[in-house]
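Residue-level structure breakdown
The primary structure of each chain is shown beneath.
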Amino acid sequence: MELADVHVGNPVVRGALTVFPVFNGAAVEKRGYDLHAPWIEVAERAGAPVVEELVVTNEGARPALVLEGELLEGGWQHRVAARSVMVEPGASVVLEVRCVEHGRWNGGGEHVRTGRRAPVQVRAAVGQHEVWERVRRYGQSATESLLETTRSVDDAAAALVGDLRPLPFQSGVLIGISGWPVLLEVFDSPRTLAQVWDGMLHAAAVDAVRRPAIPTPGLRARQFAQQIKGVPLDASGRGATADARVSVLGWRGRAVQTVAINPRHELVTA
């Protein structure tokens, strides 16, 4: 699977956060799938819930997409999607997830999709125990819930990015924090970006609000975008070098979602 055809535009700077628009030369007008719809169900495994697995069921007439980084609230504990999946109509698939609420193991079977995304510091964690450790860095919570530990910076994060909107034909973003690129996420459709925009920008701001207010230079951002093109991908769409960790969801011959994380950024290495 080839990477998206990425073109990086001129940024907007908000304190430590630099947001570069990304345009996908291979973007499509009609994407052919649903992202958020009432007929897409995310639930615990029947009989015996599993910490790192949920089940996505698509009862609609079109394929359904669940994105890596999406927060899935409720169930026996809040989770974050660790991989993206495309679920065909009438099908159910097991979704790889990580727990972001260490102190709870009870509740209902279904999860709510509110559109929130996990900050990159959590998304970049390797393994479940590192996820829990990074969730604690944001603050205190009775159940060690990411939704609660980040509450102290939610208002500041919302104020930081509340006036930002995607540009016409924009399909992704490249996020810089305190002088260095940390995350690139691009989709096959501007419509998909528009649907996840608020959650993506808020998650980026959560990581930025307490960081030094250093803009990220465009040269560094474009170098990072170039570096990801040299990352070899395995059959699952994943690959890594010293410069980038990349994950691509391929579907019907195109890259629906491309995610690249900078393994050298302090949010990732700390």
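Figured I'd write up the structure that's included with this text. Computed from a predicted model, the values in this text were never measured in an experiment. (Residues numbered from 1 in each chain as written. Predicted model: local features only at pLDDT ≥ 70, side-chain atom pairs only at ≥ 80, totals over all residues. Heavy atoms only, no water.)

By secondary structure assignment, the location of N262 is in the loop between strand 16 (254-261) and helix 7 (266-269). At 3.0 Å, the side chain of N262 forms a polar contact with the backbone nitrogen of R264. When sequence neighbours within four positions are dropped, the list of residues in contact with N262 reads P181, V182, F224, D243 and V268. (Helix = DSSP H or I, 4+ residues; strand = E, 2+ residues; numbered from the N terminus. Polar contact = N/O pair within 3.5 Å; in protein donor to acceptor, adjacent residues only side chain to side chain. Contact = heavy atoms within 4.5 Å.)

Applying the stated criterion across every chain, the model contains 2 aromatic pairs. With centroids separated by 5.8 Å and ring planes inclined at 80°, the aromatic side chains of Y33 and W251 adopt a geometry described as edge-to-face. Residue Y33 is found in the loop between strand 3 (17-24) and strand 4 (40-43), and its partner W251 is found in strand 15 (residues 245-251); the two are separated by 218 residues along the sequence. Each member of the pair, Y33 together with W251, is buried. Ring geometry for W76 against W105: centres 5.2 Å apart, planes inclined by 65°, an arrangement best described as edge-to-face. With a gap of 29 residues between them, W76 in the loop between strand 7 (71-74) and strand 8 (79-81) and W105 in the loop between strand 10 (92-99) and strand 11 (110-112) connect regions that are remote in the sequence. Take W76: its relative accessible area is 26%, and that puts it in the partly exposed class. Taking the relative accessible area as the measure of exposure, W105 reaches 36% and is therefore partly exposed. The ring of W180 carries R220 above its face, with NZ or CZ at 3.6 Å from the centroid. (Phe/Tyr/Trp six-rings, centres within 6.5 Å; stacked < 30°, edge-to-face > 60°. Buried < 20%, exposed > 50% of the residue type's maximum accessible area, 1.4 Å probe, protein only. Lys NZ or Arg CZ within 6 Å of the ring centre and 35° of its normal.)

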